[in-house]
Amino acid sequence: MADLRAVHTRLGQSLWLDNLSRTLIHDGILARYIAEDGVSGVTSNPSIFQKAIHESPYYQEDLLRPAESAERLYEEMVKVDLQMACDLLHATHVATQGDDGWVSWEESPRLAMDEAATVAEAERLRGIVQRENLLIKVPATAAGIAALRTLISRGISVNVTLMFGLQHVRQVFAAYQEGLSAWIDAGGEAGRVKAVASLFLSRVDTLVDQQLETIGTDAALRLRGKAAVALAKKAYAVYRETFHGQGFSRLKAAGGRPQYLLWASTSTKNPAYSDLLYVEPLMGPETINTLPDATLAKLREHGKLADTLSQGLAEVEKTLADLAALGIDLDGQVAPQLQKEGLEAFSTSFEAMLEEVEKRRA
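Described below are features of the structure shown in this document. What you see as residue numbers is a count from 1 along each chain, following the sequence as written. Given that the model is predicted, a residue must reach a pLDDT of at least 70 before its local features are reported, and side-chain atom pairs must reach 80 or more before they are shown or counted; all residues, however, enter totals for whole chains, interfaces and linings. Excluding hydrogens and water, the side-chain values take into account all heavy atoms of the structure.

**What to know about the pattern of salt bridges**
Here is step 1 of the chain: A carboxyl oxygen of Asp or Glu within 4 Å of a side-chain nitrogen of Lys or Arg is what we treat as a salt bridge. Taken as a whole and assessed by the stated rule, the structure comprises 23 salt bridges.
Here is step 2 of the chain: When the shortest N-O distance is used, the salt bridge between Glu71 and Arg110 registers 3.0 Å. Separated by 39 residues along the polypeptide, Glu71 in helix H6 (residues 70-88) and Arg110 in the loop between strand E3 (102-106) and helix H8 (115-129) bring together distant segments of the chain.
Here is step 3 of the chain: A salt bridge links Glu351 to Arg110, with the nearest nitrogen and oxygen atoms 2.8 Å apart. Of this pair, Glu351 sits in helix H17 (residues 330-361) while Arg110 is found in the loop between E3 and H8, placing the two residues 241 residues apart along the sequence. Numbering goes from the N terminus for both helices and strands, where a helix is a DSSP run of H or I of at least four residues and a strand is a run of E of at least two.

**Description of helix H13 (residues 227-243)**
Here is step 1 of the chain: Look at H13: 24 Å from first C-alpha to last across 17 residues, which is about the 24 Å you get at 1.5 Å a residue.
Here is step 2 of the chain: The classification of residues rests on relative accessible area computed with a 1.4 Å probe and restricted to protein chains. Under 20% of the type maximum is buried, over 50% is exposed, and intermediate values are partly exposed. Counting buried residues along H13, 14 of its 17 residues qualify, which places the element largely inside the surrounding structure. Between the first and last residue of a helix there are one fewer steps than residues, each counted as 1.5 Å, and that sum is the expected span.

**Observations concerning the nonpolar core**
Here is step 1 of the chain: By size, the foremost hydrophobic cluster in this structure holds 122 residues, and its most contacted members are Tyr74 and Leu261.
Here is step 2 of the chain: For this core, the element with the highest residue contribution is H13, accounting for eleven residues.
Here is step 3 of the chain: Contact criterion: two residues are considered in contact whenever any of their non-hydrogen atoms come within 4.5 Å of each other. Apart from residues lying up to four places away in sequence, Leu261 is in contact with Met163, Val169, Phe173, Ala197, Ala235, Tyr236, Tyr239, Glu286, Thr287 and Ile288. In this description, a nonpolar core means a group of buried Ala, Val, Leu, Ile, Met, Phe, Trp, Tyr and Cys residues linked to one another through side-chain atoms lying within 4.5 Å.

**Observations concerning the pairing of strand E1 (residues 13-17)**
Here is step 1 of the chain: When you tally the buried positions in E1, you get five out of five residues, the bulk of the element.
Here is step 2 of the chain: Residues Gln13, Leu15 and Leu17 of E1 are buried on one face, and the alternating residues Ser14 and Trp16, pointing to the opposite face, are buried as well.
Here is step 3 of the chain: Where E1 and strand E8 (residues 287-291) come together, five bridges link them in parallel fashion. Its bridge partner being in E8, Leu17 is matched across the sheet by Leu291. Only strands joined by at least two bridges in the DSSP assignment are considered to pair.

**Quick word on the packing of helix H10 (residues 166-185) against H13**
Here is step 1 of the chain: Only the stretch in contact is used when a helix axis is fitted, and all axes are lines through C-alpha atoms; the angle between N-to-C directions ranges over 0 to 180 degrees. Close contact between H10 and H13 brings their axes to 10 Å; oriented N to C, the two are set at 25°. Classified by the interaxial angle, the pair formed by H10 and H13 is roughly parallel. Regarding H10 and H13, the two cross each other, and that crossing is right-handed. Packed against H10, whose contacting residues are Leu166, Val169, Arg170, Phe173, Tyr176 and Gln177, the element H13 presents Leu231, Lys234, Ala235, Val238, Tyr239, Thr242 and Phe243 at the interface.
Here is step 2 of the chain: Each residue is assigned to one of three groups, with Ala, Val, Leu, Ile, Met, Phe, Trp, Tyr, Cys and Pro labelled nonpolar, Asp, Glu, Lys and Arg labelled charged, and all others, Gly among them, labelled polar. Within the contact of H10 with H13, the residues separate by chemical class into nine nonpolar, two polar and two charged. Working definition: roughly parallel below 35 degrees, roughly antiparallel above 145 degrees, roughly perpendicular at 65 to 115 degrees, and oblique for all remaining angles. Take the far helix as the reference: if the near one is turned anticlockwise from it by less than a right angle, the crossing is left-handed, and if turned clockwise, right-handed.

**Overview of the pairing of strand E4 (residues 134-139)**
Here is step 1 of the chain: Counted residue by residue, E4 has six buried out of six residues, so it is predominantly covered.
Here is step 2 of the chain: Taking every second residue as pointing to the same face, both faces of E4 are buried, with Leu134, Ile136 and Val138 on one and Leu135, Lys137 and Pro139 on the other.
Here is step 3 of the chain: Looking at chain direction, E3 and E4 are connected through four bridges and run parallel. Directly across from Glu106, in E4, lies its bridge partner Lys137.
Here is step 4 of the chain: One ladder, built from four bridges, connects E4 with strand E5 (residues 158-163); its direction is parallel. Looking at the pairing, Val138 lines up with Val160 of E5.
Here is step 5 of the chain: With strands facing away from the observer, any crossover in which the path from the first strand over the helix to the second runs clockwise is taken as right-handed. Following the chain from E4 across helix H9 (residues 142-153) to the adjacent parallel E5, one finds a crossover that is right-handed.

Shown next, in the form of structure tokens:
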């Protein structure tokens, strides 16, 4: 059994839980994860809340309360969950001077293509929860990236989600720095603002593997299961160049925080691969890995804790070059397709959740 607290104390990576429900809070599970495993943050999305409301018995009383709509009732219910999770992580937030201890709430996927609505919704959701350690999740669409710039310039902390390629990473990093510069130049306290950039991994391998199998050559088949980890390691190299280079020096001197990469979608989909494929090779400082409960348990049971993120960069470059040589376009085709599919999946879950709430109310 591994002591997962060492992931942060020894390796500098934060472990967040990719789950939130009233059961986790009321049954003391989240508190145990924090105390025993060093879990220092929480991420949520419409799929997670749909499952929580469907399965947990702790929402039954709330579902009977009057509300103007199913969406407002949903907000009232999950607001309580978010507030309790923020409170459980408040000590971590204080101890790390705001660098950790965050809880993420995803905006409605209906707003993904509307910059102004995304900004307004972020401000509204922060007002609902009223916790300093709340991150608002916005997607890395063109509208979401523009909204990120505006939100950071107003001192609102953000988790950018649904990133699937290096172009997404670079665009998000640039928008964050522009927003942070505007915030600092306007007299804002740099250390009050936090942003993370969530790079989704397992779905990359799922799609790329399908393309490799269609090509079918030995050279193509040898690349299966390698695209996502190579993408993540390359993204981390971009992070190091961006936030430990000259370009960020002014903002860093003013107290600005780097925008950490967060590894998302980290449960292995293909049973032929390691169940920690998106965890063990991607451990390194100034990063976050958000894990579902089952993946967290596997890491605790048989995980190998080592600083691996900066290893094998020559192999990473070769893998990315070999994929490109086979005509697999990670930035031009894979990332846009996966982001579109991700938005559609979240929209489906969001609407299904509202239908569930409406049905329970009825």
